Amino acid sequence: MTRTPDHVTGGLALLALVLRAGWVAYRWTCHGAAFEYPDEELHWQLATHLVRDGSFVTEDGRLAARMPLYPLFLAPCAALGSVGVLLARLAQAVVGAATVIVAHRLARAAAGPRAALIGGLLVACDPFGIFFGNLLLTETLFTFLGVALTACAWDVMTRSPGNWRAWSGVAAIGAAAILTRPSAAGWLPLLWLLILALGRDRRRIGPRLVACPVVLALLLLPWGLRNQAVLRDYAWLSTNGGVTLFDAQGPQADGSSNQAFLWEMAELHGLGEVERDRLLKQLAVQQMRSDPGRVLRLAGVKFLRTWSPLPNVTEYRTGPAAIAGAAYTLLLLAGTVAAVIRAWSDRRHASAADRRRLLALVALPLLYFTLVHCVYIGSVRYRVPLMPLMALVTAVEIGRLRFDAAGGGLSSA
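Residues numbered from 1 in each chain as written. Predicted model: local features only at pLDDT ≥ 70, side-chain atom pairs only at ≥ 80, totals over all residues. Heavy atoms only, no water.

### Here's the deal with the confidence of the model for the chain
As a reminder, the rule being used: Per residue, pLDDT measures the predictor's confidence, with a range of 0 to 100. When checking whether two residues touch, look at their non-hydrogen atoms; a contact exists if any pair is within 4.5 Å.
Put simply, the chain has an average pLDDT of 92, and 94% of its residues get 70 or more. Low pLDDT, under 50, characterises residues 403-413; the stretch is placed with 20 contacts to residues that sit more than four places away or in other chains.

Here it is in structure tokens:
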């Protein structure tokens, strides 16, 4: 009974690995160890310093420029120099394959083998997941953490409210998500509330839920204490939040990212990274309060940038890859909308309760991160971790359809 599902899971993971590793190999033959984006170089700097002298510092001396987990992930490869860049990218291909395994098993538990197969194929063949697997950015690791966190949340909501392993996953993976990308800090408490609100056994869930913020605090504590020691500030979410907010809301903001102001603003010269971050946050908030209409206009621009079917970078907006990415995005958007419509129409049917729970688990990060990036910078890269979750609910909708041979059309299964 278990061999066939395990065989399918392994096949999907292998497909994902081949696609991602193949893309990494192709790009390596074209560009070698060169980085495409400044954030890649920054992450590699942090990982290199960790290996070289045990310090978490950028080349320009910033001590908390990013959260620590992703540079720690890169550190073993950074010890190998330029070859390590290739190994880091291949390691991300493995992480991408692991994401498919978790997504497939979640879909199988939630909606059965047919939806699981479709969902696994969609995640394995995700063109954005393949593309970003070659970039030393947080997207690949954060995607895995997001899918794994959703799977653990599903487990405690529907199957094992007393399972300590599932609860450990909710608590520890949630903390890892924040230690990878600070924008996840608001997602976690909302997810805990959702688990409590929609869980099948609230009496068992409630007492165990209390442990989640405790575990989060314990896992964040070393990072905060380290920052207090070297910066005289806990900087729980790095010293980049104010910089990013000013990038998104300052007088120069247009919805995209351009941090030239860091060198152009005279008032920033001579400030430490903590003071600079605080000043930029203060200036950004002042700008937002002075012109709320502009905040809303920028939010619309950022929404379109985040959910554009085509990449925002000009060089990637044409060709077969752009068409495939656009078609994939539109399919998932259509599938997610269909899932919402069906959930609303079936809201009184007890048999659809688990499908609504899965949709709620997916809708929460979709709405949360969309709103976050309507305030901060909008970019296609910030929706990449959400797409495997959209693939799951899309697979459920596709899995509910069957081909009616007699009528020659599609009908509800």
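Back to the write-up after that little detour.
### Focus: a nonpolar patch on the surface
What counts is decided by this rule: Two joining distances apply to patches: 9 Å for like charges and 5 Å for nonpolar side chains (Val, Leu, Ile, Met, Phe, Trp, Tyr), and every residue must have over 30% relative accessible area and no salt bridge. Here the accessible surface of atoms and residues is derived via Shrake-Rupley with a 1.4 Å probe, and residues count as covered only by protein chains that are part of the display. Each reported salt bridge corresponds to a side-chain nitrogen of Lys or Arg within 4 Å of a carboxyl oxygen of Asp or Glu. Per the convention used, a helix needs a DSSP run of H or I reaching at least four residues, while a strand needs a run of E reaching at least two, with both numbered from the N terminus. We call a residue buried when its accessible area falls under 20% of the maximum for its residue type, exposed when it is over 50%, and partly exposed in between, using a 1.4 Å probe and counting protein chains only.
Taken together, the side chains of Leu221, Leu225, Tyr234, Trp236 and Leu237 make up a nonpolar region of the molecular surface, amounting to roughly 430 Å² of accessible area. Inspection of the secondary structure assignment puts tryptophan 236 in the loop between helix H11 (211-231) and helix H12 (241-249). Exposure remark for tryptophan 236: the relative accessible area of 35% places this residue in the partly exposed category.

### Some details on the packing of aromatic side chains
Using the following cut-off: Ring pairs are drawn from Phe, Tyr and Trp, using the six-membered ring of Trp, whenever the two centres fall within 6.5 Å, and their geometry is named by plane angle: stacked under 30 degrees, edge-to-face over 60, tilted for the rest. The rule for a charge over a ring is simple: NZ of Lys or CZ of Arg within 6 Å of the ring centre, and within 35 degrees of the ring normal.
Applying the stated criterion across every chain, the model contains 12 aromatic pairs. Ring centres of phenylalanine 56 and tryptophan 223 lie 5.5 Å apart, and the angle between their planes is 85°; on these two criteria the pair is classed as edge-to-face. Taken as a pair, phenylalanine 56 in the loop between helix H2 (38-53) and helix H3 (69-78) and tryptophan 223 in helix H11 lie far apart in primary sequence, 167 residues in all. Accessibility expressed as a relative area gives 8% for phenylalanine 56, which makes it buried. For tryptophan 223, a relative accessible area of 7% gives the class buried. Among the aromatic residues, those joined into a cluster by ring pairs are Trp23, Tyr26, Phe131, Phe132 and Tyr316. The side chain of arginine 181 reaches across the aromatic face of phenylalanine 142, ending 4.8 Å from its centre. Cation over ring: arginine 383 sits above phenylalanine 128, and NZ or CZ is 4.8 Å from the ring centre.

### Quick notes on the pattern of salt bridges
Evaluation of the coordinates by the stated rule reveals 11 salt bridges. In this structure, the salt-bridge partner of arginine 62 is aspartate 60, at a minimum N-O distance of 3.1 Å. On the accessibility criterion, aspartate 60 (54% relative accessible area) is exposed. The partner of aspartate 354 in a salt bridge is arginine 200, with the nearest N and O atoms 2.3 Å apart. Taken together, the positions of aspartate 354 in helix H17 (residues 353-375) and arginine 200 in the loop between helix H9 (187-198) and helix H10 (202-209) put the pair 154 residues apart, joining distant regions of the chain. Classification of arginine 200 as partly exposed rests on a relative accessible area of 48%. Salt bridges here are not isolated pairs; linked through shared partners, they connect Asp39, Arg66, Glu139, Arg181 and Arg381.

### Overview of empty space enclosed by the protein
Counted only if it meets this: Only protein atoms enter the 1 Å grid used here, on which a cavity is any set of points holding a 1.4 Å probe that cannot leave and a pocket is any open set flanked by protein within 12 Å on both sides along at least five of seven lines; residues with an atom within 4 Å of a point are listed as lining. Grid points are joined across faces, edges and corners, and a volume is the space filled by probe spheres set on the points. Following the grouping adopted for this structure description, the nonpolar residues are Ala, Val, Leu, Ile, Met, Phe, Trp, Tyr, Cys and Pro, the charged ones are Asp, Glu, Lys and Arg, and the polar ones are all others, Gly among them.
Evaluation of the coordinates by the stated rule reveals 3 cavities of 30 Å³ or more. Approximately 110 Å³ is the volume attributed to the largest cavity. Residue composition of the lining of the largest cavity, grouped by class: 5 nonpolar, 5 polar and 3 charged. One number sums up the size of the second largest cavity: a volume of about 60 Å³. Lining the second largest cavity we find Ala339, Ala343, Arg355, Leu358, Leu359, Val393, Val396 and Glu397.

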